[in-house]
Amino acid sequence: MQAMLERWTGCLLIASAMLATTGVADDATRSPDSPPSSFAEQVDLEPLGTSAVLIEGRLKSLGSHAASTMHLITGPRGIAGQSALFTYLDMIIRPEEYAKSDVIYVKNKEVRRRIADVAVAADASLAERLEVSRRTGLFSPEVLGRPEVESVLQVLEADLVRTARPVGEIRGALFLSNPRILLERLRLLPDALPDAPWIGLDEVVLPEVKEVSGAVTGDGDGRVPAESASEIRAAWMQLLDGWQSGDVAATNAAVASLASAVRTVRPEAHPAESRLRWEHWYFEWDNLTSIWLVYLASVIVLMVAVVYRWPWAMRIGLGVFVVALALQTFAVGLRWYVAARWPNSNMFEAVTTASWFGAVAAILFEAWVRRTALRGFFALGAAVACMVALMSAHFLPVYLNPNISNMMPVLHDVWLYIHTNVIIFSYCLIFMAAVTSAIYLGHRLLGGVPAYARAGGTGMLLATTGAVGGGGGIAAGRTGPSFGEVLDGVTMVLMELSFVMLWAGLVMGAIWADHSWGRPWGWDPKEVFALETFIVFLILVHVRWRVRDKGFWTAILAIAGAAVMLFNWIVVNFVITGLHSYA
């Protein structure tokens, strides 16, 4: 066993050195399109995946830590069909397998092109392989370490506006992929001091690190008690033996032993195992973003229901929508539980939580208008919004990073839960209004008459439910508004509510900015475009008073407002740097 530990330690040193050297890259040994090995499919890492890690100030499951780390290294694509935790451990235990494999993700396409061009110019034999890298964005550490590539990266790094950040991400990924760093970041062992950082596994299993750090002592007051350290070291050597020999049974037994051993180190410091299991499960199931498929089913059935007014389709559509909302509520609640904070502090959380707000609002509206011609339209708009939000989270994890991280200091304020929630709720209502506006324009394009809600959105809503005098004249099944009038009325209800909420959110944001930054308004890009969105709807209100074809121009301006809102969320967040770049 000791000889195996020494051989593995030697491999760590060699692999670490390979990351810093250059040469002619051989064929990649691992790629995203490679099928998973039978060993990777059979190894059960759940006992370790549900162990606690304290990293960057947050207690999380090892499975969650592995997912966030591999996202920084390999991007959104897994390697050879392996789980993130398997790849994380495999990079530590068999580092030689990855030194020449395409595992470093390069997001920026221009940077990809420049790297591939200069490497192929220096070595034409790399052309076929790097053509794949252009498509997938994955390069090997060896290719990225070539002198000509390093020269290009230094040039790109000097462009602070366009390419400095992508190059920084490449260097960060190369640093994290070093097996010594990966091992050091396995901080599974609580320190004797309650507020001290947890101890990395390297301080126990690597002899030279153990001697320098003093993590292990013979008495009970040591950072890691000698008895626990001995159990951890024995389990780790068994894991090395089983993993490197491909023995599934031995590996699974070693995984269970190691997970049990690390929990013996000050067990009172470990969080509840149930929370870690839920967090591990949440990431294993892709953050539950596949719920978009249920929303898609509800969109299809609700579209049939609102167009043909078939009662059975309406019942089924609303039923599927309720199921989708229940699933999303579970997803939002589970993330709230595992993160120990309300999920609205990064783009993934803002987009998914905003859509959930819209769906909840739609259910309330549907309960209000259940016996009127407006029935089904609010649920349809919310279903499309939720479907698009969850599809974006599912298919664009590079931009909507699902990993749970600590909030920036400026976000530790009660205004986060007031201003941010009001703003993102208004954004979802704006998108829902754009959905009904698009249907209205399609209706007009197919020959619909230029109808509009004469009483406005709120007036129509009150009239349909009999909340004001004489109501009930447009209840479903009676002589009532045309299809176009209903669509325009729903759009105006959503627009009026979002208009008020957006204005309230802007005022609240100014109060928070004055509290945090010492000024209520600073012409930050996000502030400017949020104001521009509000101005578009202010124009809509006044244009509706003056024009004859009120329904048409309301729909056009509602879609224009949604476009400005999406520009604010997409371009301002990912392209333009400002004080709100974290949101």
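Residues numbered from 1 in each chain as written. Predicted model: local features only at pLDDT ≥ 70, side-chain atom pairs only at ≥ 80, totals over all residues. Heavy atoms only, no water.

### So, the pattern of salt bridges
Applying the stated rule across the entire model yields 21 salt bridges. Here E279 and R58 are joined by a salt bridge, their closest N and O atoms 3.3 Å apart. Taken as a pair, E279 in helix α16 (residues 273–284) and R58 in strand β2 (residues 58–61) lie far apart in primary sequence, 221 residues in all. The partner of R162 in a salt bridge is D159, with the nearest N and O atoms 2.9 Å apart. For R162, a relative accessible area of 63% gives the class exposed. D159 gets classed as partly exposed once you look at its relative accessible area, which sits at 21%. By sharing partners, the salt bridges in this structure join E110, R113, D117, E131 and R134 into a single network. (Salt bridge = Lys/Arg side-chain N within 4 Å of Asp/Glu carboxyl O. Helix = DSSP H or I, 4+ residues; strand = E, 2+ residues; numbered from the N terminus. Buried < 20%, exposed > 50% of the residue type's maximum accessible area, 1.4 Å probe, protein only.)

### Overview of the nonpolar core
When a protein is soluble and globular, its nonpolar side chains tend to lie buried together. Counting 91 residues, the largest nonpolar core has Y295, F321, L374, F378, Y427, M432 and W569 as its most contacted members. In terms of residues, this core owes the most to one element, helix α21 (residues 415–445), which gives 15 residues. Counting residues in each nonpolar core, the second largest holds 71 residues, with F86, I104, V111 and L240 among its members. (Core = buried A, V, L, I, M, F, W, Y, C linked by side-chain atoms within 4.5 Å.)

### A closer look at helix α25 (residues 550–574)
With 25 residues, α25 ought to run about 36 Å at 1.5 Å a step, and its terminal C-alpha atoms sit 35 Å apart, in line with that. In α25, a bend of some 30° at F567 exceeds every other bend along the element. (Expected span 1.5 Å × (residues − 1). Bend = angle between axes of the 7 residues up to and from the residue.)

### Some points on a nonpolar patch on the surface
Together, M303, V307, Y308, W310, W312 and I316 line one region of the surface with nonpolar side chains, adding up to about 600 Å² of accessible area. When residues in the nonpolar patch are grouped by element, the largest group, three residues, is from helix α17 (residues 292–308). As for its placement among the helices and strands, W310 is situated in the loop between α17 and α18 (311–339). (Patch = residues over 30% accessible without salt bridge, like charges linked within 9 Å, V, L, I, M, F, W, Y side chains within 5 Å. Areas by Shrake-Rupley, 256 points an atom, 1.4 Å probe, with all protein chains shown as cover.)

### Considerations on the state of the cysteines
Each disulfide consists of a covalent bond between the sulfur atoms of two cysteine residues. As enumerated under the stated definition, the model contains zero disulfides in all. We note that C386 lacks a disulfide partner, and the nearest cysteine sulfur, in C428, lies 5.9 Å from it. For C428, a relative accessible area of 5% corresponds to the buried category. (Disulfide = S-S within 2.5 Å.)

### A closer look at the packing of aromatic side chains
Scanning the entire structure with this criterion turns up 23 aromatic pairs. Measuring from ring centre to ring centre gives 5.6 Å for W278 and W281, while their planes differ by 90°; the resulting arrangement is edge-to-face. Separated by three residues within a single helix, W278 and W281 lie in helix α16, roughly one turn from each other. On the basis of relative accessibility, which here comes to 37%, the residue W278 falls in the partly exposed class. We classify W281 as partly exposed; its relative accessible area is 30%. Measuring from centroid to centroid gives 5.4 Å for F552 and W553, while their planes differ by 85°, and the two rings are edge-to-face. For F552, a relative accessible area of 28% corresponds to the partly exposed category. Taking the relative accessible area as the measure of exposure, W553 reaches 40% and is therefore partly exposed. In textbook terms, an aromatic cluster arises when at least three aromatic residues are bridged by ring pairs, as seen for W336, W342, W356, F357 and F425. (Phe/Tyr/Trp six-rings, centres within 6.5 Å; stacked < 30°, edge-to-face > 60°.)

### Let's talk about the confidence of the model for the protein chain
Here the protein chain averages 85 in pLDDT, while 85% of its residues score no lower than 70. Between residues 217–221, whose pLDDT stays under 50, and residues either more than four places distant or in other chains, the model counts five contacts. The low-confidence segment residues 468–478, where pLDDT is below 50, has 22 contacts with residues more than four positions distant or belonging to other chains. (pLDDT = per-residue confidence, 0-100. Contact = heavy atoms within 4.5 Å.)

### Notes on the layout of surface pockets
Taken as a whole, the second largest pocket holds about 620 Å³ of empty space. Taken together, 26 residues make up the lining of the second largest pocket; nearest its centre are A67, P76, A84, F283 and D286. Mapped by element, the contributors of at least two residues to the lining of the second largest pocket are α4 (62–74), α5 (84–93), α16 and α20 (377–395). No other element matches the five residues that α4 contributes to the lining of the second largest pocket. For the lining of the second largest pocket, the residue count by class is ten nonpolar, 13 polar and three charged. (1 Å grid on protein atoms, 1.4 Å probe; cavity = no way out; pocket = protein on both sides within 12 Å on 5 of 7 lines; lining within 4 Å. Points joined across faces, edges and corners; volume = space filled by probe spheres on them. Nonpolar A, V, L, I, M, F, W, Y, C, P; charged D, E, K, R; others polar.)

### Quick word on the packing of helix α19 (residues 347–368) against α20
Following both chains from N to C, one finds α19 and α20 inclined at 165°, their axes separated by 9 Å at the closest point. Between α19 and α20, the angle is such that the two are roughly antiparallel. Like other packed secondary-structure pairs, α19 and α20 cross with a definite hand, here left-handed. The segment α19 lies against α20, with F348, V351, T352, S355, G358, A359, A362, F365 and E366 engaging F377, F378, A379, A382, A385, C386, A389, L390 and A393. Its residues placed into classes, the contact of α19 with α20 shows 14 nonpolar, three polar and one charged. (Axes fitted to C-alpha atoms, helices over the stretch in contact; angles between N-to-C directions. Parallel < 35°, antiparallel > 145°, perpendicular 65-115°, else oblique. Left-handed = near helix turned anticlockwise from the far one by under 90°.)

### Describing empty space enclosed by the protein
Tallied over the full model, the rule gives three cavities of 30 Å³ or more. Here the second largest cavity defines a volume of roughly 110 Å³. Lining the second largest cavity are 14 residues, and of these Y282, N287, A331, V332 and T352 sit closest to its centre. Elements represented by at least two residues in the lining of the second largest cavity include exactly α18 and α19.

### Regarding the packing of α4 against α5
Their axes nearest at 8 Å, the elements α4 and α5 cross at an angle of 75°. Looking at the two axes, α4 sits roughly perpendicular to α5. Residues L62, H65, A66, A67, T69, M70 and I73 of α4 form the contact with α5, whose participating residues are A84, L85, T87, Y88 and M91.

### Side note on the side chain of R112
Inspection of the secondary structure puts R112 in helix α6 (residues 109–122). One buried charge, R112, has no salt-bridge partner; the nearest side chain with opposite charge is E169, at 9.8 Å. A polar contact of 2.7 Å, which involves the side chain of R112, links it to the backbone oxygen of V106. Not counting chain neighbours up to four residues away, the residues in contact with R112 comprise Y105, V106, K107, S133, R134, R135, T136, G137 and F139. (Lys, Arg positive; Asp, Glu negative; His and termini not counted. Polar contact = N/O pair within 3.5 Å; in protein donor to acceptor, adjacent residues only side chain to side chain.)

### Quick look at the side chain of D191
Along the chain, the position of D191 falls in the loop between α11 (179–184) and α12 (202–205). Within the local environment of D191, its side chain forms a polar contact with the backbone nitrogen of L193, the two atoms lying 2.9 Å apart. Setting aside its immediate chain neighbours within four residues, D191 contacts A196, P197, W198, I199, R223 and R266.

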